[in-house]
Amino acid sequence: MPVGILEFGAHVPDRVIGNGHISQWAEVPEEWVTERTGIKGRRYASPDTATSDLAYEAVSELLGKRPGIEAEIGWLVVATATPDQPQPATAAVLQDRLGLDGAAAFDLNAVCSGFVYAVATGAGLLAANPAQRPYALVVGADKFSSLMDRSDRRTVSLFGDGAGAVLLGPVPDGYGIRASRLVSHGSLWPLIGVWAGGTRKPLTSRARRAGEHTLRMDGKAVSHYMFSTLPEVIDDALKESSLTLGEIDRFIFHQANTRLLEKMVAELGIDPVRVPMTAPEFGNTGAASIPLTLRAAHERRPIRRGERILVASVGGGMNAAAAVFIWH
């Protein structure tokens with residue numbers, strides 16, 4: 001049987017970081033933040049909150065809608081660029097807390113495209129292993145507040161914390177995931193990243209003093225990549241699904257930046273009504289942004305059976321991803 005999204009859950013921390021905070025930290029006018037990004041707020045978790053804690057809250061909401069499903073979950077894929085620790089996987093910590101013993105659990109890092117990559121991976125694993133448990137739990141979770149240089153207006157104005165989760169499983173013929181397209185361009189890996197803390201550059205006191213443990217981004221180059229690559233990836237996914245841009249009911253984009261999204265929507269010729277956004281409220285939550293936005297869109301206007309949905313993202317590395325599915 002085809003595989004589709006059966007349920008979803010999401011979580012954001014309570015603490016709201018408004019543009020007044022960004023103005024003070026980065027010494028820029030509050031109006032600059034609003035005008036340049038279109039983001040009005042973002043959420044920060046407490047310092048003692050781990051990425052797995054955010055993920056647990058999102059998954060708990062999901063599982064609360066499907067009592068007893070835990071025993072049938074065979075795969076747990078956590079998409080994150082801000083793991084609890086270098087090893088073991090954040091998925092292992094989450095698995096232990098959820099009591100999903102025996103399921104295969106692992107992390108996936110495609111930064112902001114991580115959720116779409118993880119959905120494609122989870123769906124592929126279910127299709128290739130029909131004898132195993134029939135459900136996969138896919139989580140996108142990031143705590144970017146832990147990576148912020150608060151004096152860097154290019155990043156601190158954009159990023160926040162959050163988590164989203166979906167349950168993948170069998171759906172009737174004609175529904176579910178119709179196509180996915182994933183691409184990477186590793187030659188562009190220096191455009192965005194956290195440079196210290198791995199084997200290439202250990203997190204020494206010198207690296208910390210230089211701020212190399214915080215997120216750095218070439219915003220103009222990342223924007224150029226988004227506008228040159230994402231339309232092609234979207235077009236490939238649509239062709240594979242035998243659908244056109246005009247036949248898609250909702251577009252769930254990675255919430256990189258409200259202004260960039262508005263420009264992308266205009267260039268693609270999409271009616272903004274079909275493009276729900278959470279960036280103004282939550283900012284860029286990395287791998288969490290698509291499932292957060294999917295859940296928010298359903299809350300605002302419940303997704304109907306037969307709706308055609310396209311999800312798409314750009315992530316550090318650089319990479320891009322898109323998937324098309326029909327709601328069951």
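Note that residues are indexed from 1 along each chain, following the sequence as it is written. Local features in a predicted model are, by the rule used here, given only for residues with pLDDT of at least 70; side-chain atom pairs are given and counted only at 80 or more, and totals for whole chains, interfaces and linings are based on all residues. The basis for the side-chain values is all heavy atoms of the structure; hydrogens and waters are excluded.

Quick look at the overall build of the protein now. Of the regular secondary structure elements, the protein holds eleven helices and 13 strands. Computed over C-alpha atoms, the radius of gyration of the protein comes to 19 Å, within 12% of the 20 Å expected from 2.2 N^0.38 for 328 residues, which places it in the range of a compact globule. Any pair of residues with heavy atoms lying within 4.5 Å of one another is described as a contacting pair. A separation of at least 24 residues holds for 76% of the contacts in the protein among residues at least 6 apart in sequence. As displayed, the protein has an accessible area near 13,900 Å², and 50% of this comes from carbon and sulfur atoms. Neither His nor the chain ends contribute to the count of charged residues, in which Lys and Arg are positive and Asp and Glu negative. Every charge is mapped to an atom, namely NZ of Lys, CZ of Arg, CG of Asp or CD of Glu. Mean positive and mean negative side-chain charge positions of the protein (33 and 35 charges, respectively) differ by 4 Å. In this text, helices come from DSSP runs of H or I with a minimum length of four residues, and strands from runs of E with a minimum of two, each type numbered from the N-terminal end. Radius of gyration means the value over C-alpha atoms here, while the globule rule gives 2.2 Å times the residue count to the 0.38 power. Here the accessible surface of atoms and residues is derived via Shrake-Rupley with a 1.4 Å probe, and residues count as covered only by protein chains that are part of the display.

What follows covers the packing of helix H1 (residues 19–26) against helix H2 (residues 30–37). Interaxial distance between H1 and H2 falls to 8 Å at its minimum, and their mutual angle equals 115°. One finds that H1 runs roughly perpendicular with respect to H2. Relative to H2, H1 is oriented so that their crossing is right-handed. Residue-level contacts link Asn 19, Gly 20, Ile 22 and Ser 23 of H1 to Glu 30, Val 33 and Thr 34 of H2. Looking at side-chain class alone, the contact of H1 with H2 contains two nonpolar, four polar and one charged residues. Orientation is described by lines fitted to C-alpha atoms, with helices fitted over the stretch in contact, and by angles between N-to-C directions that extend from 0 to 180 degrees. By definition in this entry, angles of less than 35 degrees are roughly parallel, angles greater than 145 are roughly antiparallel, angles of 65 to 115 are roughly perpendicular, and the rest are oblique. For any pair of crossing helices, the crossing counts as left-handed if the nearer helix is rotated counterclockwise from the farther one by less than a right angle, and right-handed if it is rotated clockwise. Charged means Asp, Glu, Lys or Arg here, nonpolar means Ala, Val, Leu, Ile, Met, Phe, Trp, Tyr, Cys or Pro, and polar covers whatever is left, Gly included.

Moving on, we get to the environment of Ile 303. On the secondary structure map, Ile 303 appears in the loop between helix H11 (289–300) and strand E12 (308–315). Here Ile 303 falls in the buried class, since its relative accessible area comes to 9%. Spatially, the C-alpha atom of Ile 303 lies 9.6 Å from that of Asp 249, the residues being 54 residues apart in sequence. Contacts of Ile 303, omitting those with residues within four sequence positions, involve Phe 8, Arg 250, Leu 294, His 298, Ile 309 and Trp 327. When a residue's accessible area, from a 1.4 Å probe over protein chains only, is under 20% of the maximum for its type it is buried; when over 50% it is exposed; and in between it is partly exposed.

Nine residue types can take part in a nonpolar core, namely buried Ala, Val, Leu, Ile, Met, Phe, Trp, Tyr and Cys, and a core is a set of them joined through side-chain atoms within 4.5 Å. In this structure, Leu 230, Ile 234, Phe 253 and Leu 310 are the most contacted members of the largest nonpolar core, which totals 44 residues. Those residues in contact with Ile 234, other than ones at most four positions away along the chain, are Leu 245, Phe 253, Leu 268, Leu 310, Ala 312 and Ala 322. If you look at the next biggest cluster of nonpolar residues, it comprises 31 residues, including Val 3, Leu 126, Leu 168 and Val 311.

For an α-helix the count is 3.6 residues per turn, leaving residues at separations of three or four pointing the same way. Looking at H2, one finds that the buried residues are Trp 32, Val 33 and Thr 37. Projection of H2 onto a plane perpendicular to its axis shows the buried side chains occupying an angular sector of 100°, all on one side. Residues of H2 that are exposed and point more than 90 degrees away from the buried face comprise Glu 31 and Glu 35. The first or second residue beyond H2 is Gly 38, which carries a positive phi of 75°. The reported arc concerns the directions from the helix axis to the C-beta atoms and nothing else.

Here is the key point about a regular strand: its side chains alternate between the two faces of the sheet. With respect to burial, strand E13 (residues 319–326) is a largely interior element, eight of its eight residues being buried. Side chains Asn 319, Ala 321, Ala 323 and Phe 325 of E13 all project onto a buried face; the interleaved residues Ala 320, Ala 322, Val 324 and Ile 326 project onto the opposite face, where all are buried too. Inspection of the sheet shows E12 paired to E13 by eight bridges, in the antiparallel sense. In the strand pairing of E13, Arg 308 is matched with Ile 326. Any two strands between which DSSP finds at least two bridges are classified as paired. Where E12 folds back on E13, the antiparallel hairpin that results is connected by three residues, among which Gly 317 adopts a positive phi of roughly 140°.

The next thing to look at is the packing of aromatic side chains. Here a Phe, Tyr or Trp ring, Trp counted by its six-membered ring, pairs with any other such ring whose centre lies within 6.5 Å, and the pair is stacked when the planes are under 30 degrees apart, edge-to-face when over 60, and tilted otherwise. Evaluated as defined, the whole model comprises six aromatic pairs. With 6.0 Å between their ring centres and 15° between their planes, Phe 251 and Phe 253 make a pair best called stacked. There is no split in this pair, since Phe 251 and Phe 253 are both buried. Ring plane angle 50° and centroid distance 6.3 Å describe the contact between Phe 325 and Trp 327, whose orientation is recorded as tilted.

Moving on, we come to the sheet that holds strand E11 (residues 250–253). With mixed pairing, the four strands of this open sheet are ordered in space as E8-E13-E12-E11. Only two strands of the sheet have a single partner each, and these edge strands are strand E8 (176–184) and E11. Neighbour to neighbour, the strand axes of the sheet diverge by 10° on average, direction disregarded. Strand contacts of helix H8 (residues 219–241): E8, E11, E12 and E13, with the helix running at about 30° to E13, the strand carrying the most contacts. Most of the contacts of H11 go to E11, to which it runs at about 145°, and overall it touches E11, E12 and E13.

As a further point, take the pattern of salt bridges. Once the charged atoms of two side chains with opposite charge are near each other, the side chains can pair. Salt bridge, as applied in this entry: a Lys or Arg side-chain nitrogen positioned within 4 Å of an Asp or Glu carboxyl oxygen. Applying the stated rule across the entire model yields 15 salt bridges. Arg 259 is paired through a salt bridge with Glu 262; the nearest N and O atoms lie 3.2 Å apart. Highlighted residues: Arg 259 and Glu 262, both in helix H9 (residues 258–268), separated by three residues, approximately one helical turn. By relative accessible area, Glu 262 is classed as partly exposed at 38%. For Arg 295, the salt bridge identified is with Glu 299, shortest N-O distance 3.5 Å.

What follows deals with the sheet that holds strand E7 (residues 161–170). As summarised here, the arrangement of the five strands in space is E1-E7-E6-E4-E5, forming an open sheet in which the pairing is mixed. Each edge of the open sheet carries a strand with a single partner, namely strand E1 (3–11) and strand E5 (104–108). Geometrically, the sheet is characterised by an average inter-axis angle of 20° between neighbouring strands, direction not taken into account. Contacts from H11 reach E1 and E7 within the one sheet, and its direction differs from that of E1 by about 90°.

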